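# A closer look at the structure
Here are the chains, one letter per residue:
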Amino acid sequence: MTESEQRGFTVWFTGLSGAGKSTIAEMLFHELQARGMKTEILDGDVVRQNLSKGLGFSKEDRDTNILRIAFVAQLLSRNGVATICCPISPYREARARAREMIGDFVEVFVHATVEEIAEHRDPKGLYKKALAGEITGFTGVDDPYEAPQNPELVLDTMVEEPVESLRNVLAKLRELGYVEEDAVMVEGDRAHSGMTDLRVTKTGHVAEGR
C-alpha cells in the first residue's frame, strides 16, 4: 500500500487509567509503521500537557479535551493518516461526538476493573489514595466512567496479554478493511514513540508492563 492509497482512520482506545490503552497503542503504532503507513498517536495526558494545557478535570474540561483530540484526529484521518487515540474519555456523549466528527472511527474498549488496577497496576498508588478518599474526582472511583455500549472491539486486559490484545486489534482492522494483513510484524523491544506517557528505558525502548 502506497501513501497515496492509504485510507485514513482513527482507532480510539477508551478505558480506565492503567487498563492498558497506551501499551496497546504503542504496539499498534509500530505495527502500522511496519506496514509503511503514516500513523500518529494522540495520548490524553500528552495532549493535556500541550494542546489542552490549563484545563482541569471538571466534566466540561474533560469533554473539551476529548473534542480537541477528536478535532486533530479528524484532520489527520481525512489526510490519510492512521490515527491512534488513547485518552480515558469517560463520557459516552463526548465519544459519540468524536465518532461523528471523525467518521472512520474504531472504538476499542480496554477493560480492567478498578480492583485489578489498584492491586496490580498502580505504581504511584493513586487508585489506593482515591479509594481511601485522599484524592477526589478520580475516574472510576468517585467520578464516573461510562463504558461503551457498542464498541467495535472489547479487549479484556485482565485475561489477555498485550500481544494478544494487539492481535485482536489488527484482526478487527483487517475485517474493517483498514489493513491488508493482521499478522504481528514487530517482535521484541519496541522503541518508544515519544507520544505516550509510558515509561521509557535508558535505551529508548518502552519499559515492560502496562
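Here's what I pulled together on the structure shown here.

Moving on to the overall build of the protein. Secondary structure assignment for the protein yields seven helices and five strands. Listing each helix as α and each strand as β along the protein from the N terminus yields β-α-β-α-α-β-α-β-α-α-β-α. Out of the 210 residues in the protein, the part that is buried amounts to 50%. Of the contacts made within the protein by residues no fewer than 6 positions apart, 72% connect residues no fewer than 24 positions apart. About 10,400 Å² of surface is accessible on the protein, with carbon and sulfur atoms providing 48% of the total.

A few words on the packing of helix 1 (residues 21–34) against helix 7 (residues 162–175). When two helices pack together, their arrangement is captured by the angle between the axes and the distance separating the axes. Running from N to C, helix 1 and helix 7 point in directions that differ by 55°, and their axes come no closer than 10 Å. In terms of their interaxial angle, helix 1 and helix 7 are classed as oblique. Crossing of helix 1 over helix 7 shows right-handed handedness. Each of T23, I24, M27, L28 and E31 in helix 1 lies in contact with helix 7, whose residues at this interface are P162, V163, S165, L166, V169, L170 and L173. Residue composition of the contact of helix 1 with helix 7, grouped by class: nine nonpolar, two polar and one charged.

The next point concerns the nonpolar core. Counting residues in each nonpolar core, the largest one holds 37 residues, and the members touching the most others are F13, L28 and L173. Breaking this core down by element, the ones donating at least two residues are strand 1 (9–14), helix 1, strand 3 (82–85), strand 4 (105–111), helix 5 (114–120), helix 6 (126–131), strand 5 (153–156) and helix 7. In terms of residues, this core owes the most to one element, helix 1, which gives six residues.

All chains considered together, the criterion is met by ten salt bridges. For E175, the salt bridge identified is with K172, shortest N-O distance 3.2 Å. Residue E175 and its partner K172 are both found in helix 7; the two are separated by three residues, about one turn of the helix. Using a relative accessible area of 58% as the deciding quantity, one classes E175 as exposed. Three or more residues joined by partner-sharing salt bridges are found here, namely R95, R99, E107 and E152.

Let's shift gears to the packing of helix 3 (residues 59–78) against helix 4 (residues 92–102). Across the interface, helix 3 lies against helix 4 with an axial gap of 9 Å and an inter-helix angle of 20°. On the basis of their axis angle, the class for helix 3 and helix 4 is roughly parallel. As helix 3 runs across helix 4, the sense of the crossing is right-handed. Along its contact with helix 3, which presents D63, I66, L67, A70, F71, A73, Q74 and S77, the element helix 4 presents A94, R97, A98, M101 and I102. Residue classes in the contact of helix 3 with helix 4 are distributed as nine nonpolar, two polar and two charged.

When the terminal C-alpha atoms of helix 3 are compared, their 28 Å separation across 20 residues agrees well with the 28 Å that a helix rising 1.5 Å per residue should span. Every buried residue of helix 3 is accounted for by R62, D63, N65, I66, L67, I69, A70, A73, Q74 and S77. Looking one or two residues past helix 3, G80 carries a phi angle of roughly 85°, positive in sign.

For the rest of this paragraph, the subject is the pairing of strand 5. Residue alternation in strand 5 divides its side chains into a buried set, L153 and L155, and an unburied set, V154 and D156. Note that strand 4 and strand 5 share four bridges and pair parallel. Bridging across to strand 5, F109 finds its partner in V154.

The strand order across the open sheet built from five strands is 2-3-1-4-5, with neighbouring strands paired in parallel fashion. A strand with exactly one partner marks an edge of an open sheet, and here the two such strands are strand 2 (39–42) and strand 5. Taken over all neighbouring pairs, the strand axes of this sheet differ in orientation by 20° on average, direction set aside. As defined by bridge partners, strand 1 adjoins strand 4 across five bridges and the pair is classed as parallel.

Reading the values: rules and limits
- Residues numbered from 1 in each chain as written.
- Predicted model: local features only at pLDDT ≥ 70, side-chain atom pairs only at ≥ 80, totals over all residues.
- Heavy atoms only, no water.
- Helix = DSSP H or I, 4+ residues; strand = E, 2+ residues; numbered from the N terminus.
- Buried < 20%, exposed > 50% of the residue type's maximum accessible area, 1.4 Å probe, protein only.
- Contact = heavy atoms within 4.5 Å.
- Areas by Shrake-Rupley, 256 points an atom, 1.4 Å probe, with all protein chains shown as cover.
- Axes fitted to C-alpha atoms, helices over the stretch in contact; angles between N-to-C directions.
- Parallel < 35°, antiparallel > 145°, perpendicular 65-115°, else oblique.
- Left-handed = near helix turned anticlockwise from the far one by under 90°.
- Nonpolar A, V, L, I, M, F, W, Y, C, P; charged D, E, K, R; others polar.
- Core = buried A, V, L, I, M, F, W, Y, C linked by side-chain atoms within 4.5 Å.
- Salt bridge = Lys/Arg side-chain N within 4 Å of Asp/Glu carboxyl O.
- Expected span 1.5 Å × (residues − 1).
- Pairing = 2+ DSSP bridges.

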